[in-house]
Amino acid sequence: MKKELELKQLYELLDKYVEAGTKWPADTVFEMMLGAILVQNTTWHNTTLSLTRLGEVTGFDPEVIADLSTEELKTLIYSSGFHKRKTQLILEYFSWLKKYAFDLEKIKRKYPDNLRERLLEFKGIGNETADVLLLYAFEEPVFVADTYALKLFRHLGSEHSTDYLTLKNYVESTGTFTLKEWQKFHGLIDEYGKVHLRGKQVVGHPHWEAYRLVIKPDSSSGS
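In this text, all values refer to a predicted model and were calculated from it rather than measured experimentally.

**Q** Just to check I follow, could you spell out unusual backbone geometry for this structure?
**A** It is generally the case that most residues other than glycine have a negative phi and that most peptide bonds are trans. The phi angle at Asn-41 is positive, at roughly 60°, despite the residue not being glycine. Counting through the fold element by element, Asn-41 comes out in the loop between α2 (29-38) and α3 (44-58). Unlike most non-glycine residues, Phe-60 shows phi in positive territory, near 60°. The residue Phe-60 is located in the loop between α3 and α4 (62-66) in this model.

**Q** Which parts of the structure should I look at to understand the side chain of Lys-168?
**A** Secondary-structure assignment places Lys-168 in helix α11 (residues 164-174). If we skip the residues at most four places from it in the chain, Lys-168 touches Arg-116, Asp-131, Val-142, Phe-143 and Ala-145.

**Q** Could you clarify how one ought to interpret the confidence of the model for the protein chain in this entry?
**A** Do not read the predicted coordinates in detail wherever pLDDT is low. Across the protein chain, the average pLDDT comes to 89, with 87% of residues at 70 or higher. Note on residues 219-223: pLDDT is under 50 here. Beyond four places in sequence and across chains, it has 9 contacts.

**Q** I keep staring at the environment of Gly-35 and nothing clicks. Help me out?
**A** Relative to the assigned elements, Gly-35 resides in helix α2. Sequence spacing of Gly-35 and Pro-25 is 10 residues, and the spatial spacing of their C-alpha atoms is 8.7 Å. In this structure, Gly-35 is in contact with Trp-24, Trp-44, Thr-47 and Leu-51, ignoring residues within four places of it in sequence.

**Q** Would you mind showing me how to read the environment of Glu-181 here?
**A** In this fold, Glu-181 is placed in helix α12 (residues 179-196). With 160 residues separating them along the chain, Glu-181 and Gly-21 place their C-alpha atoms 9.4 Å apart. If we skip the residues at most four places from it in the chain, Glu-181 touches Lys-8, Tyr-11 and Thr-176.

**Q** How should the pattern of salt bridges be read in this particular structure?
**A** Two side chains that carry opposite charge are able to pair once their charged atoms sit near each other. Evaluation of the coordinates by the stated rule reveals 12 salt bridges. Taking the shortest distance from any N to any O, the salt bridge between Lys-98 and Glu-63 comes out at 3.6 Å. Separated by 35 residues along the polypeptide, Lys-98 in helix α6 (residues 83-99) and Glu-63 in helix α4 bring together distant segments of the chain. You can call Lys-98 partly exposed: its relative accessible area is 36%.

**Q** Whenever I open this one, the side chain of Arg-118 confuses me. Can you help?
**A** For Arg-118, the location among the structural elements is in helix α8 (residues 115-120). We classify Arg-118 as buried; its relative accessible area is 17%. Among residues more than four places away in sequence, those in contact with Arg-118 are Trp-96 and Tyr-111.

**Q** Explain the environment of Ala-20 to me, please; I cannot follow it from the model alone.
**A** Structurally, the position occupied by Ala-20 is in the loop between α1 (7-17) and α2. Along the chain, Ala-20 and Asp-190 lie 170 residues apart, while their C-alpha atoms are 8.8 Å from each other. Not counting the four nearest positions on each side in its chain, Ala-20 is found in contact with Lys-184, Gly-187, Leu-188 and Glu-191.

**Q** Is there a simple way to explain the packing of aromatic side chains in this structure?
**A** Any two aromatic rings considered together are summarised by their centre-to-centre distance and by the angle between their planes. Taken as a whole and judged by the stated rule, the model has 18 aromatic pairs. Summarising the aromatic geometry, the rings of Trp-96 and Tyr-100 are spaced 6.0 Å apart at their centres and angled 75° between planes, so their arrangement reads as edge-to-face. Looking at Tyr-100, the relative accessible area reads 10%, which means it is buried. Between Phe-177 and Trp-182, the ring centres sit 4.9 Å apart and the planes meet at 85°, which makes this aromatic pair edge-to-face. A relative accessible area of 4% places Trp-182 in the buried class.

What counts, and where the lines are drawn
- Residues numbered from 1 in each chain as written.
- Predicted model: local features only at pLDDT ≥ 70, side-chain atom pairs only at ≥ 80, totals over all residues.
- Heavy atoms only, no water.
- Helix = DSSP H or I, 4+ residues; strand = E, 2+ residues; numbered from the N terminus.
- Contact = heavy atoms within 4.5 Å.
- pLDDT = per-residue confidence, 0-100.
- Salt bridge = Lys/Arg side-chain N within 4 Å of Asp/Glu carboxyl O.
- Buried < 20%, exposed > 50% of the residue type's maximum accessible area, 1.4 Å probe, protein only.
- Phe/Tyr/Trp six-rings, centres within 6.5 Å; stacked < 30°, edge-to-face > 60°.

Written out as structure tokens, the structure is:
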């Protein structure tokens, strides 16, 4: 009979198998934001090429980024693909940041309860990118129910892994993680996923054969 897992137990098991930090791989929050946008529908390798060129030209100064011309930016992010859409999104997004003097705390005060909804208004920002921005840039405790998360939770038999929002909402309503733990949880799932959850099907992994995931309020508490 399989052992039932709580979210904290899943977190601890993943922490045994892979290493992950609590930060996005970037030196500044604005580099992080660019990476979250550029990585859509491409590889991290291609994203890194674009970020390197952007860094050389702008130093990731948000004022400089906001003032780039469409053609300049399109050339700089060429390796990430979808140049027109991503260029338009970056310029619109950084123009919006500029309205608040690139002060993220000011933006959070402006949108205390609906920042996620505001991010989703940008054409090109979907559920996953919005949550990544919230988690790592605006430091809001959210769960990123990306492809690896859905695959892992499905493999563990979670009935709440039918789609992005169902999994996200249920995990957030039952998880008791701190902000840093939410950040690390996402990193752990993705690092594990890169090795064990690639491809269309997830064949039985020895790590999980003895477990069945039952998402319920954890016995411990967090903040």
